[in-house]
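Take a look at the letters that make up each chain.
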Amino acid sequence: ERAELSGSGTVVKVTNEDFQRHRHILAVEDALNNAIYQNRIDVYYQPIYHTKTHTITGAEALARLNDPKLGFISPEEFISAAERMGLIHKLGAQVLEKVCQFIATHDLKTLGIQYINVNVSPLQCLDEHFPQLFKNILNAYHVPSAMIHLEITESTHIDMGLLKNIMGELSAMGVAFNLDDYGTGYSNISLISQYPFSTIKVDLSLTWSYFKGENTILPHIVKMIREMGKNVTVEGVETEKMAKELKQMNVNDLQGYYFAKPLPPEAFLSYLKTSS
Ligand code: C2E
Ligand code: MG
Ligand code: MG
Ligand code: MG
């Protein structure tokens, strides 16, 4: 145990765990800073299966940080670090650029891919320059806006009214929005009806608790979203049994380890070639 003197003169105990945790946070921040500066954030692709055609028609782009010293750092850790450090705008732009580069250099359309989902932090979206930046990156690679779907997670920390304006601007450019991680936060129904979301993504925790028999609400949520005229993607599909039952529930798209884990670009391309 280490002891420290706080400003007021009282002794604040800093345990070894506190010390190690803090050291790890600093190491992650340093790794992230270097990776962004050196444009070393990788993008993996997780296939998304369309139940109507029984084929892979899309994918989700997921950021990866493989540090020379620390190895792979979990996205949850480095995304929140990027938000905290004001680096999320740069990170987001690098991810979007890599996705566009990937689309531009491979004929994904002939491999059946109609869209790539790109996660955006609400913070990143709230920047007034975001729509223009988005447009510039897509134009530079001649990627049509309909090819990119933006995924946003509901957040209580942000000004949803302002977000609505920016979403409106991007929607007018032909960009579709997904509401991510549905079932973890407030799972607001008004959010679905008042914002231009075309797809609602059910969080894997809700999927898993349903298949463990811990909730019976999943089919009702799916039915409700479908009746509102929106698409449903269910995340965390890990078994054939889950896939079958979700198809019967009229879920539009399925994502999960049963189909594939997030794959590096080359492995994703081979997956598409062998699965089609
Ligand atoms: P998300 O957007 O909800 O992404 C889905 C997460 O679930 C991914 O985790 C994916 O690997 C995982 N997953 C999908 N299917 C399964 C399954 O069947 N089993 C299990 N165990 N996991 C599954 P990942 O890649 O660790 O990403 C975590 C979160 O980090 C993402 O959640 C997203 O919120 C954030 N993230 C990732 N890349 C980016 C990015 O480029 N920008 C931003 N702003 N956030 C990102
Ligand atoms: Mg997502
Ligand atoms: Mg999600
Ligand atoms: Mg998530």
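Residues numbered from 1 in each chain as written. Chains lettered and ligands numbered in written order. Predicted model: local features only at pLDDT ≥ 70, side-chain atom pairs only at ≥ 80, totals over all residues. Heavy atoms only, no water.

An unreviewed UniProt entry lists the protein chain under the name GGDEF-domain containing protein, from Intestinibaculum porci.

### Side note on the side chain of N178
Its place among the elements puts N178 in strand β8 (residues 176-182). Residue classification places N178 among the buried residues on the basis of a relative accessible area of 2%. Here E151 takes part through its side chain, which lies 3.3 Å from a polar atom of the side chain of N178. Look past the residues within four positions of N178 in its chain and what remains in contact with it is N117, H149, L150, E151, I152, F197, T199 and K201. (Helix = DSSP H or I, 4+ residues; strand = E, 2+ residues; numbered from the N terminus. Buried < 20%, exposed > 50% of the residue type's maximum accessible area, 1.4 Å probe, protein only. Polar contact = N/O pair within 3.5 Å; in protein donor to acceptor, adjacent residues only side chain to side chain. Contact = heavy atoms within 4.5 Å.)

### Digging into the nonpolar core
Within the largest apolar cluster, 84 residues are counted, with the highest numbers of intra-cluster contacts made by L32, V99, I116, I148 and L150. The greatest single-element share of this core, amounting to nine residues, is contributed by helix α3 (residues 88-105). In contact with I116, other than residues within four places in its own chain, are Y45, A59, A61, V99, I103, L108, M147, I148 and H149. (Core = buried A, V, L, I, M, F, W, Y, C linked by side-chain atoms within 4.5 Å.)

### Points about helix α9 (residues 218-227)
When α9 is considered as a whole, its buried residues turn out to be L218, I221, V222 and I225. Down the axis of α9, the buried set is contained in an arc of 100°. They therefore lie on one face. What points out from α9, more than 90 degrees from its buried face, is the exposed set H220, K223 and E227. On its buried side, α9 packs onto β8, α7 (189-194), β9 (197-202), α8 (204-211), β10 (231-234) and α10 (240-248). (Arc of directions from axis to C-beta.)

### Concerning the pattern of salt bridges
Following the criterion strictly, the structure yields eight salt bridges and no others. Residues K201 and E60 are paired through a salt bridge, measuring 2.9 Å at the closest nitrogen-oxygen approach. Remark: E60 occurs in strand β4 (residues 55-67) and K201 occurs in strand β9; sequence separation between them is 141 residues. Grouping residues by exposure puts K201 and E60 together as buried. The residue K201 makes a salt bridge to E235 at a minimum N-O spacing of 3.5 Å. (Salt bridge = Lys/Arg side-chain N within 4 Å of Asp/Glu carboxyl O.)

### So, the layout of surface pockets
If you add up the space inside the largest pocket, you get close to 1,200 Å³. Taken together, 44 residues line the largest pocket, and the ones lying closest to its centre are L62, P75, E76, N119 and D181. A class-by-class count of the residues in the lining of the largest pocket yields 21 nonpolar, 13 polar and 10 charged. Computed from the structure, the second largest pocket encloses a volume of approximately 210 Å³. Residue lining of the second largest pocket: 14 residues in total, with Y115, H149, T199, N231 and D253 positioned closest to the centre. Breaking the lining of the second largest pocket down by element, the ones donating at least two residues are β6 (115-119), β9 and β10. If one sorts the elements of the lining of the second largest pocket by residue count, β9 sits on top with three residues. In terms of residue class, the lining of the second largest pocket is made up of one nonpolar, 11 polar and two charged. (1 Å grid on protein atoms, 1.4 Å probe; cavity = no way out; pocket = protein on both sides within 12 Å on 5 of 7 lines; lining within 4 Å. Points joined across faces, edges and corners; volume = space filled by probe spheres on them. Nonpolar A, V, L, I, M, F, W, Y, C, P; charged D, E, K, R; others polar.)

### Some details on the coordination of the magnesium ion (ligand 2)
Within the protein, the atoms that donate to the magnesium ion (ligand 2) are E60 (OE), N119 (OD1), E151 (OE) and D180 (OD), at distances of 2.0 to 2.2 Å. Along the chain, the residues donating to the magnesium ion (ligand 2) fall in the pattern E-x58-N-x31-E-x28-D. Metal-to-metal, the separation of the magnesium ion (ligand 2) and the magnesium ion (ligand 3) is 4.1 Å; D180 coordinates the two. With N119 in strand β6 and E151 in strand β7 (residues 148-153), this pair connects stretches of sequence that are 32 residues apart. Look at E151 and you get buried, because its relative accessible area is 1%. (Donors = N, O, S within 2.8 Å, 3.2 Å for Na, K, Ca; no water.)

### Quick word on the environment of I148
Its place among the elements puts I148 in strand β7. Looking at I148, the relative accessible area reads 0%, which means it is buried. Sequence spacing of I148 and Y115 is 33 residues, and the spatial spacing of their C-alpha atoms is 5.6 Å. Sequence-distant contacts of I148, that is, excluding residues within four places in its chain, are made with L96, V99, I103, I116, V118, F134, L138, V143, V175 and A176.

### Structural notes on helix α6 (residues 160-172)
For α6, spanning 13 residues, the distance from its first C-alpha to its last is 18 Å, which sits close to the expected 18 Å at 1.5 Å a residue. All buried positions along α6 are accounted for by M160, L163, I166, M167 and L170. Each buried residue of α6 lies within a common arc of 120° when the element is viewed along its axis, so the set occupies one face. For α6, exposure combined with an orientation more than 90 degrees from the buried face picks out N165 and A172. Where α6 is buried, its residues touch α4 (122-125), α5 (130-140), β7, β8, α7 and β9. Of the residues one or two after α6, G174 is the one with positive phi, at around 95°. (Expected span 1.5 Å × (residues − 1).)

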